[in-house]
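# A look at the structure
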Amino acid sequence: MNPQPNILLVHGAWADGSCWSDVIALLQARGYTVAAPQFPESSLADDVARLRQVLGLLDGPTLVVGHSYGGQIMTALGEETSNVVGLVYIAAFGLDQGESIGALLQAGPPTPALAHLKIDSRGFAWVPEDDFVGHFAADIDPVKARVMFAVQQALSASTLEDVMGVPAWKALPTWYLVAAEDQAIPPDAERAFAERMGATTVEIQSNHCAMVSHPNDVVSLIETAARTFTTDSPGEAPMG
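Along each chain, residue indices are assigned from 1 in the same order as the chain's sequence is written. Under the rules for a predicted model, residues below a pLDDT of 70 receive no local features and side-chain atom pairs below 80 are neither given nor counted, while totals for whole chains, interfaces and linings still include all residues. Note that water and hydrogens are dropped before the side-chain values are worked out from all heavy atoms of the structure.

## Details of the overall build of the protein
- Within the protein, the secondary structure is distributed over nine helices and nine strands.
- Radius of gyration means the value over C-alpha atoms here, while the globule rule gives 2.2 Å times the residue count to the 0.38 power. Computed over the C-alpha atoms, the radius of gyration of the protein is 17 Å, within 12% of the 18 Å expected from 2.2 N^0.38 for a compact globule of 240 residues.
- On the principal axes, the C-alpha backbone points of the protein span a range of 60 × 40 × 30 Å.
- Working definition: with a 1.4 Å probe on protein chains only, accessible area under 20% of the residue-type maximum means buried, over 50% means exposed, and in between means partly exposed. Scored against the burial criterion, the 240 residues of the protein give a buried share of 52%.
- In this analysis, two residues are considered to be in contact whenever any of their non-hydrogen atoms come within 4.5 Å of each other. Once local pairs closer than 6 in sequence are excluded, the contacts in the protein between residues at least 24 apart make up 72%.
- Here the protein has roughly 10200 Å² of accessible surface; of this, 53% comes from carbon and sulfur atoms.
- In this count, Lys and Arg are taken as positive residues and Asp and Glu as negative ones, while His and the chain termini are left out. Every charge is mapped onto a representative atom, which is NZ of Lys, CZ of Arg, CG of Asp or CD of Glu. Here the protein holds 11 positive side-chain charges and 28 negative ones, and the gap between their average locations is 2 Å. Helix and strand definitions here come from DSSP, where helices need a minimum of 4 consecutive H or I residues and strands a minimum of 2 consecutive E residues; each element is numbered from the N-terminal end. Residue-level accessible areas treat just the shown protein chains as cover; the underlying method is Shrake-Rupley with a 1.4 Å probe.

## Some points on the packing of aromatic side chains
- Side-chain rings of Phe, Tyr and Trp (the six-membered ring for Trp) are treated as a pair once their centres are within 6.5 Å; stacked means planes under 30 degrees apart, edge-to-face means over 60, and tilted covers the remaining angles. Inspection of the entire model under this criterion finds six aromatic pairs.
- Arranged with centres 6.3 Å apart and planes meeting at 55 degrees, the rings of F93 and F193 form a pair that is tilted. You can see F93 sitting in the loop between strand 4 (84–90) and helix 4 (101–106) and its partner F193 sitting in helix 7 (residues 187–196), a full 100 residues away along the chain.
- Assessed through its relative accessible area of 3%, F193 is described here as buried.
- Between W175 and F229 the ring centres are 6.0 Å apart and the planes differ by 80 degrees, which places this aromatic pair in the edge-to-face class. A residue pair is termed long-range when its members are at least 10 positions apart, and W175 in strand 8 (residues 174–179) and F229 in the segment after helix 9 (215–227) qualify at 54 residues.
- Given a relative accessible area of 5%, W175 falls into the buried group.
- In this structure an aromatic cluster arises from ring pairing among W14, F132, F136 and F149.

## Topic: the side chain of H67
- Inspection of the secondary structure assignment puts H67 in strand 3 (residues 62–67).
- Definition of a polar contact: a pair of N or O atoms within 3.5 Å, with one able to donate and the other able to accept a hydrogen when the atoms are protein atoms, and with sequence-neighbouring residues admitted only if both atoms are side-chain atoms. At 2.8 Å, the side chain of H67 and the backbone oxygen of H208 are in polar contact.
- Not counting residues within four places of it along the chain, the set of residues in contact with H67 comprises V10, H11, G12, W20, I90, A91, A92, H208, C209 and M211.

## Some details on the environment of A115
- Relative to the helices and strands, A115 is located in the loop between helix 4 and strand 5 (118–119).
- When the C-alpha atoms of A115 and W20 are compared, they prove to be 25 Å apart, with 95 residues separating the residues in sequence.

## Overview of the nonpolar core
- Counting residues in hydrophobic clusters, the biggest one holds 77 residues, and the most contacted among them are I7, W20, L51 and I222.
- Per-element tally for this core: the top contributor is helix 9, with six residues. Buried Ala, Val, Leu, Ile, Met, Phe, Trp, Tyr and Cys residues that are joined via side-chain atoms within 4.5 Å together make up what is termed a nonpolar core.

## Regarding the sheet that holds strand 8
- Paired strands, in this sense, are two strands between which DSSP finds at least two bridges. In spatial order, the strands read 2-1-3-4-8-9; together these six strands make up an open sheet with parallel pairing. Two strands close off the open sheet at either side, each with one partner strand: strand 2 (34–35) and strand 9 (200–204).
- Axes, fitted as lines to C-alpha atoms, cover a helix only where it is in contact. Angles between the N-to-C directions of the axes lie from 0 to 180 degrees. Of the strands in this sheet, strand 8 and strand 9 touch helix 7, which is tilted by about 165 degrees from strand 8.

## Let's talk about the pattern of salt bridges
- Whenever a carboxyl oxygen of Asp or Glu lies within 4 Å of a side-chain nitrogen of Lys or Arg, that contact is scored as a salt bridge. Across all of its chains, the model carries six salt bridges by this definition.
- Taking the shortest distance from any N to any O, the salt bridge between R196 and E99 comes out at 2.6 Å. Within this pair, whereas R196 is found in helix 7, its partner E99 is found in the loop between strand 4 and helix 4, the two being separated by 97 residues in sequence.
- Accessibility expressed as a relative area gives 26% for E99, which makes it partly exposed.
- D188 is paired through a salt bridge with R191; the nearest N and O atoms lie 2.5 Å apart. Taken as a pair, D188 and R191 lie in helix 7 at a separation of three residues, close to a single helical turn.
- Members of the salt-bridge network, linked through shared partners, are D188, R191 and E203.

Written out as structure tokens, the structure reads:
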């Protein structure tokens, strides 16, 4: 039996599971069982269903880590969290009951990364290349940022209006990484999310995609959370 919890990584909007590549490699090297599935982003309900599907494939306690809209997905697990033992938010939405992403973003001026979203004929939102490279992934090498732009997964605009039910963070321990230079979610909003959920919080000088630009910091926070549920820490002999 693996004494460490599983790590389930939830990507956000305009990204896919590959955005966690460096984080996955670091965690696997430390002996963690890691899953980073693709989410359809066709509706919040579809995304929560995918999360539950993958949770059902993992044996034992699981720590769920969400970036950006991925925080919305794991928060929407509500009170039915099965084998989930904790939540780690990476520059992510941590809404409370009755709130929506759209209402939050409309409370202030558009953030630079999301100021010019293109809505296609099927109601999916896309980030233009200049905004993606210059703001969404601003602290990432432009060559890599353009690759991320090319594989971006559009988000159904309907998800911006979905109202949160009872949030999962009310029943689970939480950790939060604030990206102080975020140009997609206002850093002050991230700080507010973390404070009201009582999260163990770290803040780093990162733009929105911290798992790409600062994977070691992200893994450090995940490991801090994971140690809470680890029966024998990696590299340590069991107590006798």
